[in-house]
Amino acid sequence: MTVLLPPSETKREGGDTGSTLDLGALSFPELVPERAAVITAARSVSSEESTARTALKLGPKSIAERLRNLSLESSPTLPAIERYTGVLYDPLDAGSATATTRRWWSEHVVVQSAMFGPIGGGDPIPAYRLSHDSRLGTVRLASHWPAPAARALATRTDGLVLDLRSEGYRALGPVPEAVVLRVVSVDGSGRRKALNHWNKTAKGRLVALLGATDAQIASMADLVAWANAFDVVLERVDGTWELVAESLVAPAA
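Please read these numbers as outputs of a predicted model, since none were measured by experiment.

*Asks:* Just checking my understanding: could you explain the environment of Asp 90 for this structure?
*Replies:* The residue Asp 90 is located in the loop between α3 (80–83) and α4 (99–108) in this model. Using a relative accessible area of 49% as the deciding quantity, one classes Asp 90 as partly exposed. With 82 residues separating them in the primary sequence, Asp 90 and Ser 8 have C-alpha atoms 11 Å apart.

*Asks:* So what exactly am I meant to see when it comes to the layout of surface pockets here?
*Replies:* A water-sized probe, rolled over the atoms, reveals where empty space remains. Empty space within the largest pocket amounts to approximately 300 Å³. Lining of the largest pocket is provided by 17 residues; of these, Pro 6, Pro 7, Ser 8, Glu 9 and Lys 200 occupy positions nearest its centre. A total of 3 residues in the lining of the largest pocket trace back to one element, the largest contributor, which is helix α8 (residues 197–212). Its residues assigned to classes, the lining of the largest pocket shows 7 nonpolar, 7 polar and 3 charged.

*Asks:* What is the right way to look at unusual backbone geometry in this model?
*Replies:* Most of the time, phi is negative for any residue but glycine, and the peptide bond is trans. The phi angle at Phe 28 is positive, at roughly 60°, despite the residue not being glycine. Position of Phe 28 among the secondary structure elements: in the loop between β1 (2–5) and α1 (32–46). The exposure class assigned to Phe 28 is buried, which follows from its relative accessible area of 7%. Residue Asp 238 is not a glycine yet carries a positive backbone phi of 50°. Structurally, Asp 238 can be placed in the loop between β9 (234–237) and β10 (240–244). Classification of Asp 238 as exposed rests on a relative accessible area of 79%.

*Asks:* What's the story with the pattern of salt bridges in this structure? I'm lost.
*Replies:* It is possible for side chains of opposite charge to pair when their charged atoms get near one another. Taken as a whole, this structure holds 12 salt bridges when the rule is applied. The partner of Arg 53 in a salt bridge is Glu 49, with the nearest N and O atoms 3.5 Å apart. Here Glu 49 and Arg 53 lie together in helix α2 (residues 49–55), a separation of 4 residues that amounts to about one turn. Classification of Arg 53 as partly exposed rests on a relative accessible area of 41%.

*Asks:* Explain the pairing of strand β3 (residues 109–113) to me, please; I cannot follow it from the model alone.
*Replies:* Regular strands place side chains that alternate from one sheet face to the opposite one. For β3, the buried fraction is high: 5 of the 5 residues fall into the buried class. As defined by bridge partners, β3 adjoins strand β4 (residues 117–120) across 4 bridges and the pair is classed as antiparallel. In the strand pairing of β4, Gln 112 is matched with Pro 118. The turn linking β3 back onto β4 is made up of 3 residues.

*Asks:* In this structure, what is going on with the nonpolar core? I would like to understand it.
*Replies:* Where a protein is soluble and globular, its nonpolar side chains tend to be buried together. Counting 75 residues, the largest nonpolar core has Phe 116, Leu 136, Leu 206, Leu 210 and Leu 223 as its most contacted members. When residues no more than four places from it in sequence are discounted, the contact partners of Leu 136 are Val 38, Ala 41, Ala 42, Val 45, Leu 56, Leu 130 and Leu 141.

*Asks:* For this particular structure, what's the right way to read the packing of aromatic side chains?
*Replies:* One pair of aromatic rings is described through two measures. These are the centre distance and the angle between the planes. Enumeration over the complete set of coordinates arrives at 4 aromatic pairs. Ring centres of Tyr 84 and Tyr 89 lie 5.3 Å apart, and the angle between their planes is 35°; on these two criteria the pair is classed as tilted. Both residues of the pair, Tyr 84 and Tyr 89, belong to the buried class. Connected via pairs of aromatic rings, a cluster forms that spans Tyr 84, Tyr 89, Phe 116 and Tyr 128.

*Asks:* Even after reading the chapter, I still don't get α4, so can you show me in this structure?
*Replies:* Residues that lie three or four places apart on an α-helix share one face, since the helix turns once every 3.6 residues. The complete set of buried residues in α4 reads Thr 101, Trp 104, Trp 105 and His 108. The buried side chains of α4 occupy one side of the element, clustering within an arc of 95° when seen end-on.

*Asks:* When you look at the environment of Ile 39 in this model, what are you seeing that I'm missing?
*Replies:* Relative to the helices and strands, Ile 39 resides in helix α1. Of the residues examined, Ile 39 reaches a relative accessible area of 3% and is grouped as buried. In sequence terms Ile 39 and Ser 247 are 208 residues apart; their C-alpha atoms lie 40 Å from each other. Apart from the residues within four sequence positions on either side, Ile 39 is in contact with Leu 21, Leu 23, Leu 72, Glu 73, Met 115 and Phe 116.

*Asks:* Help me understand α1, please; the structure alone is not making it clear to me.
*Replies:* Here α1 contains 15 residues, and its C-alpha end-to-end distance of 21 Å stays within 8% of the 21 Å for a straight helix at 1.5 Å per residue. Restricting attention to buried positions, one finds in α1 the residues Glu 34, Arg 35, Val 38, Ile 39, Ala 41, Ala 42, Val 45 and Ser 46.

Reading the values: rules and limits
Residues numbered from 1 in each chain as written. Predicted model: local features only at pLDDT ≥ 70, side-chain atom pairs only at ≥ 80, totals over all residues. Heavy atoms only, no water. Helix = DSSP H or I, 4+ residues; strand = E, 2+ residues; numbered from the N terminus. Buried < 20%, exposed > 50% of the residue type's maximum accessible area, 1.4 Å probe, protein only. 1 Å grid on protein atoms, 1.4 Å probe; cavity = no way out; pocket = protein on both sides within 12 Å on 5 of 7 lines; lining within 4 Å. Points joined across faces, edges and corners; volume = space filled by probe spheres on them. Nonpolar A, V, L, I, M, F, W, Y, C, P; charged D, E, K, R; others polar. Salt bridge = Lys/Arg side-chain N within 4 Å of Asp/Glu carboxyl O. Pairing = 2+ DSSP bridges. Core = buried A, V, L, I, M, F, W, Y, C linked by side-chain atoms within 4.5 Å. Contact = heavy atoms within 4.5 Å. Phe/Tyr/Trp six-rings, centres within 6.5 Å; stacked < 30°, edge-to-face > 60°. Arc of directions from axis to C-beta. Expected span 1.5 Å × (residues − 1).

Spatial relationships are all this shows, so hold off on functional conclusions.
Take a look at the structure:
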C-alpha cells in the first residue's frame with residue numbers, strides 16, 4: 001500500500017545539524033535532475049524580496065521564508081513526516097510516534113513536494129518555501145513535474161495507492177489508478193457534504209491510525225476490512241470512495 005499526501009505550507013524549523021540535503025538519497029533518485037532544476041529556480045526568485053514576494057506569494061509576515069530557499073544544501077534536515085506541520089500533519093504527532101509507526105510511514109507514505117517532487121515520508125529534507133502554484137520563471141511546476149513524477153510514482157503502483165493529495169498536488173504527479181478518497185460529513189438524516197478544514201484533520205488521523213496499527217493492506221477490500229475493525233467508516237458512494245469524518249473527528253457545526 002502507498003499513501004500519497006500533499007505537503008504543507010507550514011514547516012517545522014531546525015533539524016539534525018549533522019544531516020544536510022542529499023538529493024540522491026531521497027526516494028525516487030531518478031528525479032535528481034528535476035529536483036536540481038527547481039532548487040536553482042527557487043533560489044533565483046528568492047534572492048530578492050521583490051521577486052520572492054510575487055513568485056512565492058509571500059506577505060509581510062512570511063517574506064523571511066524566502067531565505068530558506070537560499071540555504072537548502074546547508075540547512076539541517078528532518079524526516080518529511082516531521083518537517084511538515086499544520087492541520088493534516090499535526091494529528092500524526094510524529095515527534096512522539098513509536099518506532100513501528102515511523103517505520104510504517106517511511107515504507108508506505110509518499111509526499112508530493114513542489115520543491116523535490118515525490119519523496120518518502122522518512123526522507124530527510126530541509127525547511128523550504130514553495131507551493132504547487134509558485135512562479136519560477138522558466139521552470140513551470142505545472143509542466144515540469146507531472147511526467148517525471150508520474151513515471152517515478154508508477155514504480156509504487158503494484159498494490160493499492162490511496163491518494164489523499166489536494167487537486168493541485170495530484171496534478172504534479174498523476175496516478176490514474178489511485179483511489180482518491182473524499183472526506184464527507186454525514187448528519188443525522190444521512191445527508192452528506194464535503195469538508196474543507198476538517199477534511200485535512202480526518203486524513204491526518206487516518207494516516208496516524210494506519211501507522212499506529214502497522215496496517216498490512218494490499219487492496220481496497222483489505223482497507224475496508226481494516227477500517228471496519230477500527231470503526232472507521234469507508235463507503236463507496238456513486239463510484240467514489242468516501243471517508244466519513246465523524247468516525248475519526250468531530251467536525252464543527
